[in-house]
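# An overview of the molecular structure
One-letter residues, chain by chain:
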Amino acid sequence: MKSEKLITDILIIGGGTAGCYAGLTIAKNSPGTKVIICEKANIKRSGCLASGVNALNAYITEGHTPQDYVDYARKDADEIVRGDLLLTMSERLNSVTERLEKLGLVILKDENGKYVTRGNRNLKINGENIKPILAKAVENLPNVRIMNHVNITDFSVEDNRIKGAYGFGTESGIFYTIQAKAVIIATGGASGLYKPNNAGFSRHKMWYSPFNTGAGYAMGIRAGAEMTTLEMRFIALRCKDTISPTGTLAQGVGAKQINSLGEVYENKYGLTTSQRVHGTVTENIEGRGPCYLRTEGITPEQDESLLKAYLNMSPSQTIKWIESGKNPSQQNVEIEGTEPYIVGGHTASGYWVDTKRATTINGLFASGDVAGGCPQKYVTGALAEGEISALSAIDYIKSEKTPDISNAEISEHLSETEKYFSDTSSLFTCEQLEEAMQTVMDSYAGGIKTNYRFNEKQLDLADEKISKLEKLAGNLHADDCHELMFIYELKERLTVCHSLIAHLKARKETRWHSFAENLDYPEKDNINFRCYINSRLENGSLKIIKRELVKENQIYEHSN
Amino acid sequence: MSIAIDRNKCVGCGKCSEVCPGSLIKLDGKKAYIKYPKDCWGCTSCIKECPVNAVKFFLGADIGGMGSLVHTESKGDILNWVIEHYDGRVTEIQINSKESNKY
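Nothing here was measured: the structure is a model prediction, and the numbers come from that model.

A separate point is the overall build of chain B. A count of helices and strands for chain B gives 2 helices and 7 strands. Start at the N end of chain B and walk to the C end: the helices and strands fall as β-α-β-β-α-β-β-β-β. Its C-alpha atoms give chain B a radius of gyration of 14 Å, within 12% of the compact-globule value 13 Å for 103 residues. Seen along its three principal axes, the alpha-carbon backbone of chain B occupies a region of about 40 × 30 × 25 Å. Here chain B holds 103 residues, and 54% of them are scored as buried. Partitioning the contacts of chain B with sequence separation of at least 6, the portion at a separation of at least 24 is 37%.

This is the structure in structure tokens:
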């Protein structure tokens, strides 16, 4: 591989929602600062917003305060959140929304020019083109270099201080070393750890971007960063088959969750995110499935609007309605839970950060789905965290010189990467090992197969089997740089699986049904587990750290 | 879940290949093809990029797809979704990008 070294002030890894907004923030607040954004696809449609989104789900509506949003998220996660992070995010939700509107996003307004709200926290938008709008704004910035089709695989860290990162061009085949004074990690969460709802031809028809493979978590774990609350998995309740959003039906047209007997069951189990999934699972187990969102009887105008709304965010569902010859007013929409994901934009999984979004590695900041402690981010929360991490990075580099990455370190990483082109010893393909990993997680770590439930014995087996797969992954062969990316993605997922299993094992209680349902400890244990479960890799083994909850009105600061 | 590319229509501009968030579409000589059809997320970014409607989206049979093919035509603020049914019927849905969703 041809090897190139680049030097910049701030490196942003991942050009999705948070990464793009971090770039915009740096350009606005510190125009002379040089920025590189590395994106493994193309920022125009990469990340979670590829097909669009039809509401901004995190906004402080009139009559509410940022603290109300903190309280809502805290309740939804049954206390295991960081109030300080939620508050600093919530305070910025409205200003980032206004900026997005100025960039060109269409937001529904009433005759007085005020935003029309959906429930207490949501705005209605036309978000089909939200990512191209964001990407175009970033493309116009003079000091921001966008490197599309560059896959970053590892940080360079010395004495717990970030020096930059390594990666390669998936099309160009160039090996890159990027030196930076500060790094913002914004690669998104991890999908593809578990066997998906439809494991065959439509295996990637999943809730979350299948291309978010946990790279940011894995790089951090390997570099010794402290991670938090990985055990709070996210399982989305979705329209069956198309795995399309249900919020537009539930909140938009008030569709209730009903079982096959037509009974509304959602009130029986509670209305938090995990309870809605748990209720649906339980109704199925007890023989009252399948479950639906009751859309029969809605008006023809609502039908027409729903067909359009889904085309603007998840076109498969509209196509499904049209192919069936029945609109939602004529047939209830069947729902199911997805496979579990690790995603800090919805739950509290990710890097252990302070209010500046500084990780425990000096000079490394985290934002969006990789940043922990701060759930219910949605689009605007990711933008807010992109802004906070960018402002923190600008501040950090004022007193920092660019650290040097030595030629010896570079050639070591280069040969590790190139090894996959020459190694022909493996009988297995990357795809086979990925399927094996998903089967292990599905069977032993609480996948769809076991109704998301697990016990300790199963987790031990999962850990053992994941370790074996990690060994096999080390000998895989790549013919080109796309296949090389597949290998790295698999390795990232295996690293995340290890940490996830350790976290699931450490929380010996069941606080969130479905998200972390431990059959050995089926009850909530507030005496021992009203705390954060954190972890850090030390001398090759994962150390679990229990940390006290950051109390209301307290702020946590790193003290290393 | 995937796309079908009409190689007779494809002009080889590479726009679909460039935009795909999974980098799944490659150019084979002067025409685009989907190298990893099972890895498609169904985001429809590629069909919105194609200048000649050569890229069409369909639902896999495993998730209930019946074989309808979908493409979009963009005219000013209007994005026209064209669904060619397996039985020959055609459904069109026009969406004005300046109008918000109501739900």
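Here we take up helix α15 (residues 456-473) of chain A. All names here are of chain A. Its 18 residues place the ends of α15 25 Å apart at the C-alpha level, agreeing with the 26 Å of an ideal helix rising 1.5 Å per residue. For α15, the complete set of buried residues consists of Glu456, Leu459, Ala462, Ile466, Leu469 and Ala473. Angular distribution of buried residues about the axis of α15 spans 130°; they occupy a single face of the element. For α15, the exposed residues set more than 90 degrees away from the buried face come down to Lys457, Lys468 and Lys471. If you check the start of α15, you find a side-chain oxygen 3.2 Å away from the backbone N of lysine 457, and it comes from asparagine 455.

The next point concerns unusual backbone geometry. Omega for the bond connecting A:Gly289 with A:Pro290 falls within 30 degrees of zero, at -5°, which places this linkage in the cis form. At A:Asp78, a position not held by glycine, the phi torsion is positive, near 50°. Counting through the fold element by element, A:Asp78 comes out in the loop between α2 (66-76) and α3 (83-90). Among the residues examined, A:Asp78 registers a relative accessible area of 19% and is labelled buried. In this structure, B:Asn53 is a non-glycine residue whose phi angle is positive, near 55°. Looking at the element boundaries, B:Asn53 is found in the loop between α2 (45-49) and β4 (55-58). Classification of B:Asn53 by relative accessible area gives buried; the value is 19%.

Contacts between the two partners involve 52 residues from chain B, matched on the other side by 58 residues from chain A. Roughly 4,700 Å² is buried in total at the junction of chain B and chain A, and carbon and sulfur atoms are behind 58% of that figure. Joining chain B to chain A, the criterion identifies 6 salt bridges. A salt bridge links A:Arg203 to B:Asp39, with the shortest nitrogen-to-oxygen separation between them at 2.5 Å. Summed over the shared surface of chain B and chain A, the number is 24 residue pairs in polar contact (both at pLDDT 80 or more). By residue number, the principal contributor to the side of chain B that touches chain A is strand β7 (residues 90-96) of chain B, which donates 5 residues. Tallied by class, the residues present in the side of chain B that touches chain A amount to 23 nonpolar, 18 polar and 11 charged.

Here we take up the packing of helix α4 (residues 93-103) of chain A against helix α12 (residues 378-397) of chain A. All names here are of chain A. Interhelical geometry of α4 versus α12 gives an angle of 100° and a closest axis separation of 9 Å. Taken together, the axes of α4 and α12 are roughly perpendicular relative to one another. Residue-level contacts link Leu93, Val96, Thr97 and Leu100 of α4 to Thr380, Gly381, Leu383, Ala384 and Glu387 of α12. Taken together, the residues of the contact of α4 with α12 break down into 5 nonpolar, 3 polar and 1 charged.

Scanning the entire structure with this criterion turns up 17 aromatic pairs over all chains. Here A:Phe201 and B:Phe58 contribute two aromatic rings whose centre-to-centre distance is 6.2 Å and whose plane-to-plane angle is 15°, an arrangement assigned as stacked. Of this pair, A:Phe201 sits in the loop between β10 (175-185) and α6 (215-222) while B:Phe58 sits in strand β4, which puts the two residues in different chains. The rings of A:Trp207, A:Tyr208, A:Phe234, A:Tyr341 and A:Phe515 are connected pair by pair, giving a single aromatic cluster. Taking the ring centre of A:Tyr72 as reference, the NZ or CZ of A:Arg121 above it sits at 3.5 Å. Lying over the aromatic face of A:Phe529, A:Lys546 brings its terminal NZ or CZ to 4.3 Å of the ring centre.

So, on to the confidence of the model for chain B. Per-residue pLDDT for chain B averages 95, and the proportion of residues at 70 or more is 99%. Listed scores for the predicted complex are pTM 0.98 and ipTM 0.96.

A few words on the pattern of salt bridges. All names here are of chain A. The full count for this structure, using the stated rule, is 52 salt bridges over all chains. For glutamate 385, the salt bridge identified is with arginine 357, shortest N-O distance 3.0 Å. Placement of the pair is glutamate 385 in helix α12 and arginine 357 in the loop between β16 (350-351) and β17 (364-366), with a sequence separation of 28 residues. One network of salt bridges, in which partners are shared, links Asp78, Glu231, Arg507, Glu509, Arg511 and Lys524.

All right, on to the pairing of strand β5 (residues 69-75) of chain B then. Consecutive side chains along a regular strand alternate between the two faces of the sheet. Residues and elements named next belong to chain B. Note: β5 against strand β6 (residues 78-84), 7 bridges, orientation antiparallel. Of the residues in β6, the one forming a bridge with glutamate 73 is asparagine 80. The hairpin formed by β5 and β6 contains 2 residues between the paired strands, and glycine 76 there has a positive phi angle of roughly 60°.

By the secondary structure assignment, A:Lys491 is in helix α16 (residues 481-506). The spacing of A:Lys491 and A:Gly214 is 277 residues in sequence and 9.6 Å in space, taken between C-alpha atoms.

This part takes up the environment of A:Ser406. Residues and elements named next belong to chain A. Mapped onto the secondary structure, serine 406 falls in the loop between α12 and α13 (407-422). Look at serine 406 and you get partly exposed, because its relative accessible area is 32%. Taking the C-alpha atoms as reference points, serine 406 and histidine 64, 342 residues apart in sequence, are found 52 Å from one another. A polar contact is formed between the side chain of serine 406 and the backbone nitrogen of glutamate 409, at a distance of 3.1 Å.

The next point concerns the sheet that holds strand β14 (residues 291-293) of chain A. Taking strand neighbours across the sheet as the criterion, the 4 strands line up as β12-β15-β14-β13 (chain A) in an open arrangement whose pairing is antiparallel. Whereas interior strands pair on both sides, the edge strands pair on one side only; in this sheet they are β12 (237-239) and β13 (257-258) of chain A.

All names here are of chain A. Within the span of α2, buried status applies to Tyr69, Val70, Ala73, Arg74 and Asp76. Mapping the buried residues of α2 onto a view down its axis gives an arc of 165°, with all of them on the same face. If you follow the buried residues of α2, they end up packed against α3, α4, α9 (273-285) and α12. In the stretch just after α2, aspartate 78 is the one whose phi turns positive, near 50°.

Reading the values: rules and limits
Residues numbered from 1 in each chain as written. Chains lettered and ligands numbered in written order. Predicted model: local features only at pLDDT ≥ 70, side-chain atom pairs only at ≥ 80, totals over all residues. Heavy atoms only, no water. Helix = DSSP H or I, 4+ residues; strand = E, 2+ residues; numbered from the N terminus. Rg over C-alpha atoms; globule rule 2.2 N^0.38 Å. Buried < 20%, exposed > 50% of the residue type's maximum accessible area, 1.4 Å probe, protein only. Contact = heavy atoms within 4.5 Å. Expected span 1.5 Å × (residues − 1). Arc of directions from axis to C-beta. Polar contact = N/O pair within 3.5 Å; in protein donor to acceptor, adjacent residues only side chain to side chain. Buried area = accessible area lost by both parts, 1.4 Å probe. Salt bridge = Lys/Arg side-chain N within 4 Å of Asp/Glu carboxyl O. Nonpolar A, V, L, I, M, F, W, Y, C, P; charged D, E, K, R; others polar. Axes fitted to C-alpha atoms, helices over the stretch in contact; angles between N-to-C directions. Parallel < 35°, antiparallel > 145°, perpendicular 65-115°, else oblique. Phe/Tyr/Trp six-rings, centres within 6.5 Å; stacked < 30°, edge-to-face > 60°. Lys NZ or Arg CZ within 6 Å of the ring centre and 35° of its normal. pLDDT = per-residue confidence, 0-100. Pairing = 2+ DSSP bridges.

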